[in-house]
Amino acid sequence: MNFGPRGGQAVSIMVTLPHPRVFGNFDQYTGEIVILGTGSFRNQLFATPEDPPTWSSRIELPTAASVTPNSRVLVRPFNSLAGTSGAPVLEGVIIVGNCQ
């Protein structure tokens, strides 16, 4: 089970992408939400066994943070040994007027 923090929000990401090595020396993907004026929060995405796999994760926000209109969601390849991220391979903007 996966529960969001009490009083907080969570952002779920689900994307179908090739293995991250397609984008260079990477072995994982990370998902990130950037909330203007607050900061960014990220988590590792995990793959299903299909080919191509569906990568998914849930980013739980602390109670003090809230998703706002124009928050950005990014998916980047990541090298877990070097601790380095690549350029975003997907980016979306939350444009909902009411995010409560």
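Q: When you look at the overall build of the chain in this model, what are you seeing that I'm missing?
A: Within the chain, the regular secondary structure consists of 0 helices and 7 strands. Residues classed as buried in the chain amount to 34% of the 100 residues present. Of the contacts made within the chain by residues no fewer than 6 positions apart, 60% connect residues no fewer than 24 positions apart.

Q: Sorry if this is basic, but what is going on with the environment of Ser66 here?
A: Following the sequence through the fold, Ser66 ends up in the loop between β4 (54–60) and β5 (72–79). In this structure the C-alpha to C-alpha distance between Ser66 and Gln9, which are 57 residues apart in sequence, comes to 6.6 Å. Ignoring sequence-local partners within four residues, the contact set of Ser66 consists of Gln9 and Ile35.

Q: Would you mind showing me how to read the pattern of salt bridges here?
A: When the charged atoms of two side chains with opposite charge come close together, those side chains can pair. Inspection of every chain in the model, using the stated rule, returns 4 salt bridges. The residue Glu32 makes a salt bridge to Arg76 at a minimum N-O spacing of 3.4 Å. One end of the pair, Glu32, is in strand β2 (residues 28–35); the other, Arg76, is in strand β5, and 44 residues separate them in sequence. When its relative accessible area of 21% is taken as the criterion, Arg76 is described as partly exposed. Between Arg72 and Glu91 there is a salt bridge whose closest N-O contact spans 3.0 Å. With Arg72 in strand β5 and Glu91 in strand β7 (residues 90–93), this residue pair connects regions lying 19 residues apart in the sequence. Salt bridges linked by common partners bring Glu32, Arg42 and Arg76 together as one network.

Q: Help me understand the pairing of β4 in this model?
A: Regular strands have side chains that alternate between both faces of the sheet. Where strand β1 (residues 10–16) lies against β4, 7 bridges are found, and the strand directions are antiparallel. Its bridge partner being in β4, Thr16 is matched across the sheet by Thr54. When strand β3 (residues 39–47) meets β4, the two strands line up antiparallel, connected through 2 bridges. From the neighbouring strand, Ala47 faces β4, where its bridge partner is Trp55. Turn length for the β3-β4 hairpin, with the two strands adjacent in sequence and antiparallel, is 6 residues.

Q: Mind showing me how you'd approach the nonpolar core here?
A: Among soluble globular proteins, nonpolar side chains are generally buried collectively. In terms of nonpolar packing, the biggest core is built from 17 residues, with Ile13, Ile33, Phe41, Leu45 and Leu61 touching the most fellow members. Counting residues per element, the ones that place at least two in this core are β1, β2, β3, β4 and β5.

The rules behind these values
Residues numbered from 1 in each chain as written. Predicted model: local features only at pLDDT ≥ 70, side-chain atom pairs only at ≥ 80, totals over all residues. Heavy atoms only, no water. Helix = DSSP H or I, 4+ residues; strand = E, 2+ residues; numbered from the N terminus. Buried < 20%, exposed > 50% of the residue type's maximum accessible area, 1.4 Å probe, protein only. Contact = heavy atoms within 4.5 Å. Salt bridge = Lys/Arg side-chain N within 4 Å of Asp/Glu carboxyl O. Pairing = 2+ DSSP bridges. Core = buried A, V, L, I, M, F, W, Y, C linked by side-chain atoms within 4.5 Å.

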